[in-house]
Amino acid sequence: KGNRLKPFTNILPKPLIPIKNKPVIELIMDKFKSFGINNFYLTTNYKAMIIKSYFSNLKKKYKISFFNEKIPLGTAGSLKITKIKTKKPIFITNCDILIKNDYNLIMRYHIENKNDFTIVASTKKYTIPYGTCEINDDGTLKKINEKPSLNYLVNTGFYITNFENINMIPGNKKYDMTEFIKDLKKNNKKIGIFPILDDDWIDIGQWPEYQKAIKLF
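Residues numbered from 1 in each chain as written. Predicted model: local features only at pLDDT ≥ 70, side-chain atom pairs only at ≥ 80, totals over all residues. Heavy atoms only, no water.

(A) The side chain of T82, seen in detail. As for its position among the elements, T82 is in the loop between α4 (74-77) and β5 (90-93). Judged by its relative accessible area of 4%, T82 falls in the buried class. A polar contact is formed between the side chain of T82 and the backbone oxygen of L79, at a distance of 2.7 Å. Other than its neighbours up to four places away in sequence, T82 contacts Y41, T43 and F67. (Helix = DSSP H or I, 4+ residues; strand = E, 2+ residues; numbered from the N terminus. Buried < 20%, exposed > 50% of the residue type's maximum accessible area, 1.4 Å probe, protein only. Polar contact = N/O pair within 3.5 Å; in protein donor to acceptor, adjacent residues only side chain to side chain. Contact = heavy atoms within 4.5 Å.)

Set out below in structure tokens:
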């Protein structure tokens, strides 16, 4: 529902939040199209008719199949209702992120490493704005680290899955991607990580990142 982008999302569904002259979902689809991918399955719930209406007024740029969730099915549960018919790996993306990378390279990494599932993860550096205390076992000070930095790989919400994994998703219930990944791990599926730079990922679902996207575009 895009609660972090209110009041915009009181009127518009999050995928249609504009960046310059296009909504974010169209920028996402244009990026795929630049790599020769033009077959899209869109799952909708909140303000679904507005999204369908927007695309019905566009020239036939994309091949789109719409699937409406009667109840919110989560970030993975909605894959079950798409009934995708393919044996090829599938890209999955959230509707509010922009990935600036070579999608062919990501797919090649997935296939060559024989992954069952691939997560695109961004490097993220976080600096603690204080001096942190390291202590000895007896509670005395060992040393103070002034404004230390922590480095993480952050899940961007952009994935590749092998088609057969969708059979594991339960039907007609909320099921998020974190649960899906956990179940894949339980079933000994190989999950790869494709790292990208922080500058190659924009999450427009948050105001600071949305403003960053406006500046970049």
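(B) Structural detail: the sheet that holds strand β7 (residues 117-127). Spatial ordering of the open sheet is given by β5-β10-β7-β11, a layout of four strands whose pairing is mixed. Each edge of the open sheet is held by one strand with a lone partner, namely β5 and β11 (191-196). Ignoring which end each strand starts from, the neighbouring axes of this sheet average 40° apart. Where β5 meets strand β10 (residues 149-161), four bridges bridge the pair, whose relative direction is antiparallel. Bridging from a neighbouring strand, T93 pairs with F158 of β10. (Pairing = 2+ DSSP bridges. Axes fitted to C-alpha atoms, helices over the stretch in contact; angles between N-to-C directions.)

(C) How the structure looks around the nonpolar core. Ranked by internal contacts, the top residues of the largest apolar core, which has 31 residues, are I19, F158 and I204. The element best represented in this core is helix α2 (residues 24-34), accounting for six residues. Ignoring sequence-local partners within four residues, the contact set of F158 consists of F32, F91, I92, T93, I97, I99, Y103, I106, T118, I119 and V120. Formed by 15 residues, the second largest nonpolar core is a distinct cluster that contains I90, F180, I181 and L184. (Core = buried A, V, L, I, M, F, W, Y, C linked by side-chain atoms within 4.5 Å.)

(D) Seen up close, a nonpolar patch on the surface. A cluster of nonpolar side chains, namely Y126, L150 and Y152, defines an oily patch on the protein surface of about 320 Å² accessible area. What makes Y152 partly exposed here is its relative accessible area of 48%. (Patch = residues over 30% accessible without salt bridge, like charges linked within 9 Å, V, L, I, M, F, W, Y side chains within 5 Å. Areas by Shrake-Rupley, 256 points an atom, 1.4 Å probe, with all protein chains shown as cover. Salt bridge = Lys/Arg side-chain N within 4 Å of Asp/Glu carboxyl O.)

(E) Molecular detail of the pattern of salt bridges. Counted by the stated rule, this structure contains six salt bridges. Note that D198 and K124 form a salt bridge whose closest N and O atoms lie 2.9 Å from each other. In this pair, D198 sits in the loop between β11 and β12 (201-203) while K124 sits in strand β7, placing the two residues 74 residues apart along the sequence. Under the relative-accessibility criterion, D198 is labelled partly exposed at 26%. A salt bridge links D176 to K174; the shortest N-O distance between them is 2.9 Å. Of the residues examined, K174 reaches a relative accessible area of 49% and is grouped as partly exposed.

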